[in-house]
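# Descriptive analysis of the structure
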Amino acid sequence: TPSAPPAPTHPLALATVTAPPTSVDGFVREFLRELNFGQGVSLQASTVNDQYLALARTVRHYLMARWSETLRRQRETQSKGVAYLSAEYLLGRQLGNALLATDLTEIVADGLSQCGIELADLRAQEVEPGLGNGGLGRLAACFIDSLATMSVPCIGYGIRYEYGIFRQTFVEGRQVEQPDSWLALGAPWEFPHPENARRISFGGSVADHTDDDGVVRRRWTPAWDVNALPYNYMVPGYRNGRVNTLRLWRAQATDAFDLKIFNSGDYEEAVRAQTFAENISKVLYPEDSTPQGKELRLQQQYFFVAASIGDFIDQQLPEDFDLAQLPERIIFQLNDTHPVIGVPELMRVLVDEKRLEWGAAWEITKKCFAYTCHTLLPEALEVWSVDLLGRLLPRHLEIIYRINEEFLAEVRERFGDDELRIRRMSIIAEHPERSVRMAYLATVAGAKVNGVAELHSQLLRDKVLPDFHEFYPGKFTNVTNGITPRRFVRLANPSLSELITDTIGVGWLTDLERLRGLEPFAEDEEFRARFRAVKAGNKRRLDAVLRERDGVGVHDDHLLDVMVKRLHEYKRQSLKLLHIVTTYDKIVSGEVDVADVTPRTVIFGAKAAPGYKMAKEIIHLINAVGETVNNDPRVQDRLKVIFPPNYNVTLAEKVIPAADLSEQISLAGKEASGTGNMKFALNGALTIGTDDGANVEIRQLVGDDNFFLFGMLEPEVEDLQTRGYVPSSFYEADADLRRAIDLIASGAFSGGDRATFEPVVSNLLYEDRFMVLADYAAYIEAQAAVDAAYADTERWTRAAILNVARSGFFSSDRSMRDYIDRIWATPPSF
Ligand SMILES: [N-]=[N+]=N[C@]1([C@H](N)O)O[C@H](CO)[C@@H](O)[C@H](O)[C@H]1O
């Protein structure tokens with residue numbers, strides 16, 4: 001290969017880019033230049049969007065120096081890093097975080113106000129990139145933030161969906177999805193590099209081929225291909241001079257336009273290839289925990305994984321790199337089963353392209369991957385039919401067959417001809433359709449397999465993958481999830497952050513366990529008063545936001561009871577609904593004096609996957625119950641239900657700091673971890689929850705007195721399931737439950753029409769897969785304890801302070817330390 005031309009240089013080009021002066025004048029000069037030359041407008045003529053785009057680009061200038069220095073040092077030190085492979089990144093707005101990371105917020109606010117511009121208006125102009133569904137996507141965003149802040153080399157790889165998670169609207173209380181055209185007003189945080197595009201192949205066939213070294217190898221002859229264009233995003237560390245990279249891939253046709261066909265007048269045909277190709281990165285699949293086995297979804301997964309592995313080997317490694325050393329240089333972390341097709345892809349590259357022996361390639365591959373499982377729902381573990389895989393990726397199917405063959409040979413060696421075990425453990429499922437079990441492939445190929453909370457990892461070992469735990473005992477570990485305190489405490493809750501810093505000093509943002517220093521202040525009356533003032537202020541802020549956004553407000557003297565997460569039956573939003581209906585029923589029937597009811601506003605936030613019918617029914621019922629309760633004069637505003645549409649990261653940053661009560665009420669054994677639960681505890685909300693996922697660890701750390709635990713434990717759920725669960729028996733046995741369900745069935749929330757919510761009622765009475773009725777009585781009792789506790793303001797505040805003080809463990813920095821210690825061995829490098 002011809003030697004690369006000498007790199008361009010000039011005495012003015014400093015070894016690395018230098019940041020503009022960190023002064024108000026320095027900033028204003030940079031901003032106006034960007035507005036004039038970048039946006040091409042004068043300050044006077046500029047729109048808010050012009051100003052936002054110019055500001056974003058100006059802030060990029062301050063980060064650029066750190067980014068190129070990070071890349072230069074990375075190239076220099078060649079230290080081992082992480083390639084985080086995730087089909088989802090729920091990043092949230094970038095501007096606030098970039099200003100925080102560079103400590104520019106004040107300078108920028110002053111500079112802009114000199115120009116007659118409000119920083120808050122420009123921050124509100126940003127459209128958040130909704131490139132994820134829920135917890136899994138947000139976790140990826142928190143993790144890459146922590147790795148940058150901890151100076152760990154990391155490249156996040158994913159897909160640059162043209163349309164992210166749909167925008168949710170409500171029409172007569174029903175969810176209606178709108179496309180999320182997040183790019184429409186410009187995307188100032190991305191750096192496209194079409195020159196580094198990669199060709200990704202699909203389809204075709206495989207045959208033996210004698211290569212020029214005389215060796216017969218399998219040769220894949222694809223049928224079609226697309227280009228993968230990289231778009232780089234900055235991942236700034238918190239005030240440590242470091243910026244890591246997030247590389248998202250966009251699909252584009254290799255030959256975008258067929259002029260000959262166009263000239264023949266068949267315009268549609270002329271661009272068909274382009275449309276077809278671009279479909280691959282067109283839109284995010286909106287399912288959370290219930291994957292769609294659609295071909296396009298597999299195309300998306302292979303597209304970004306093949307581009308990422310190719311990019312790392314060809315772009316990030318020195319030309320003469322000895323691939324046997326690959327495990328010393330990189331660990332590919334598989335964020336759930338979505339990127340697992342990367343395992344046969346690396347084997348294909350090593351064996352077919354780099355011509356390594358199969359055995360040598362497998363030794364490398366086994367050390368280069370690790371797998372994080374995020375679920376316990378059997379339907380969430382992806383399987384791909386061998387028909388589809390064989391058609392789309394014939395060479396990869398071959399490789400998977402060989403991996404499975406060699407794996408089962410090892411199993412036979414260990415356990416003899418135990419056919420049932422062989423069938424149970426085979427990566428290839430024979431029934432109901434011959435298909436590849438991606439979680440099994442990830443477990444066989446991964447150096448480590450982890451769950452995302454202690455209970456989850458235990459259930460993975462005991463119930464989901466017991467055979468594999470028996471076969472690979474050392475492979476299974478746990479890393480409890482975490483959240484970044486930079487976004488979810490410092491940015492989302494500046495007044496609480498100020499109180500914390502005033503009290504325990506700085507440093508807690510990158511060492512969250514320091515929050516323990518707040519414990520003694522739970523006993524300090526003056527501090528408790530300041531803590532309450534912070535919460536009240538956040539409630540008023542939320543009130544203003546919701547009034548402007550949706551025309552509804554929240555009373556700051558109400559207990560704010562918040563349930564925000566994707567709509568899924570296992571998360572049991574319908575249990576929360578039954579509590580509301582029970583309270584309402586007791587008020588309107590006069591069973592309780594409305595004056596004795598603790599004033600409470602229940603805030604829901606939840607998107608349902610568009611194809612998830614029951615979830616959409618439950619959303620409709622929540623809005624209908626809200627409509628009735630909110631407008632019933634007998635309630636005297638002491639119970640309110642609000643459901644702001646389009647719950648996303650930006651709304652979470654306003655709702656969570658205002659919350660008093662965090663609803664984490666999934667059926668025990670169903671929620672792998674949860675991460676919203678951690679954000680609420682760190683923002684001084686008390687949790688009412690089951691012993692499920694990370695709730696268990698939150699309760700253990702904050703103390704039983706500061707957590708409202710209720711409901712069956714996982715073994716009790718298992719036992720009831722085994723004994724046979726008859727939901728209607730709970731209906732018959734519990735008068736309050738019967739009245740609540742009967743009220744819904746009566747049409748009280750649907751203008752007397754009994755049919756409207758019959759599907760929800762029937763589902764609860766005759767199916768109730770997630771045992772809402774079984775946990776109802778315990779839940780209602782726990783909610784009564786909440787009311788009693790809330791009436792004792794000092795006790796409540798003390799408990800809220802202890803939740804903050806004892807939740808430092810839930811920093812994603814700690815999660816990263818655990819991944820580094822237990823899985824990656826990628827210590828901070830510089
Ligand atoms: N997919 N998936 N899984 C989830 C969430 N739905 O995104 O991953 C999250 C991140 O690990 C978990 O907190 C949550 O319990 C789990 O259900």
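Residues numbered from 1 in each chain as written. Predicted model: local features only at pLDDT ≥ 70, side-chain atom pairs only at ≥ 80, totals over all residues. Heavy atoms only, no water.

The next thing to look at is the sheet that holds strand β16 (residues 428–429). An order of β15-β17-β16 is seen for the three strands of this open sheet, with the pairing classed as antiparallel. Whereas interior strands pair on both sides, the edge strands pair on one side only; in this sheet they are β15 (383–385) and β16. Two elements, β15 and strand β17 (residues 435–437), share three bridges in a ladder whose sense is antiparallel. The residue of β17 that forms the bridge with V383 is R437. Along the sheet, helix α16 (residues 438–445) contacts β15 and β17; its crossing angle with β17, the most-contacted strand, is approximately 50°. (Pairing = 2+ DSSP bridges. Helix = DSSP H or I, 4+ residues; strand = E, 2+ residues; numbered from the N terminus. Contact = heavy atoms within 4.5 Å. Axes fitted to C-alpha atoms, helices over the stretch in contact; angles between N-to-C directions.)

So, on to the site of the ligand. Around the ligand sit 14 residues in total, of which L136, H374, N481, E671 and G674 are the nearest. G135 is positioned with one of its backbone polar atoms (N or O) 3.4 Å from an oxygen atom of the ligand. For the ligand, whose accessible area on its own is 380 Å², the fraction buried by protein is 95%. Classifying every residue of the shell around the ligand by side-chain character gives five nonpolar, seven polar and two charged. Counting residues domain by domain, the shell around the ligand receives three or more from each of domain 2 (82–93 + 129–479) and domain 3 (554–804). (Near = heavy atom within 4 Å. Polar contact = N/O pair within 3.5 Å; in protein donor to acceptor, adjacent residues only side chain to side chain. Areas by Shrake-Rupley, 256 points an atom, 1.4 Å probe, with all protein chains shown as cover. Nonpolar A, V, L, I, M, F, W, Y, C, P; charged D, E, K, R; others polar. Domains from an automatic or database assignment.)

Once that is clear, we can look at the nonpolar core. Most often, soluble globular proteins keep nonpolar side chains buried together rather than apart. If you look at the biggest cluster of nonpolar residues, it comprises 145 residues, and the most contacted ones within it are L55, F303 and L326. Residue contributions to this core peak at 10 residues, all from helix α9 (residues 295–316). In this structure, M614, V641, V717 and M771 belong to the second largest nonpolar core, which totals 107 residues. (Core = buried A, V, L, I, M, F, W, Y, C linked by side-chain atoms within 4.5 Å. Buried < 20%, exposed > 50% of the residue type's maximum accessible area, 1.4 Å probe, protein only.)

A few words now on the domain arrangement of the protein chain. We note that the domain assignment places domain 1 (21–77 + 110–127), domain 2 (82–93 + 129–479) and domain 3 (554–804) within the protein chain. With centres defined by C-alpha atoms, the gap from domain 2 to domain 3 works out at 36 Å. Of the roughly 2800 Å² buried at the junction of domain 2 and domain 3 (both faces included), carbon and sulfur atoms supply 57%. Of all residues in domain 2, the largest losses of buried area upon contact with domain 3 belong to Q168, F170 and L455, amounting jointly to 19% of the total for that side. Contributing elements (two or more residues each) for the side of domain 2 that touches domain 3: α6 (135–149), β5 (167–171), β6 (174–178) and α17 (454–464). (Buried area = accessible area lost by both parts, 1.4 Å probe.)

In the segment running from H431 into P432, the intervening peptide bond is cis, with an omega of -5°. With respect to the secondary-structure elements, P432 resides in the loop between β16 and β17. One non-glycine residue with positive phi stands out, namely D637, at about 60°. Inspection of the secondary structure assignment puts D637 in the loop between α23 (613–630) and β22 (639–642). Looking at D637, the relative accessible area reads 38%, which means it is partly exposed.

What the rule picks out here adds up to 27 aromatic pairs. Ring centres 6.0 Å apart and planes at 80° place the aromatic pair F312 and F332 in the edge-to-face group. Highlighted residues: F312 in helix α9 and F332 in strand β13 (residues 330–335), separated in sequence by 20 residues. Residues F312 and F332 agree in their burial class; the two are buried. Three or more aromatic residues joined by ring pairs make a cluster, and in this case those are F407, F415, Y440, F468, F471 and Y472. Above the face of the Y472 ring, K475 is positioned so that its terminal group lies 3.6 Å from the ring centre. A cation sits over an aromatic face here: R814 above F809, 3.8 Å from the ring centre. (Phe/Tyr/Trp six-rings, centres within 6.5 Å; stacked < 30°, edge-to-face > 60°. Lys NZ or Arg CZ within 6 Å of the ring centre and 35° of its normal.)

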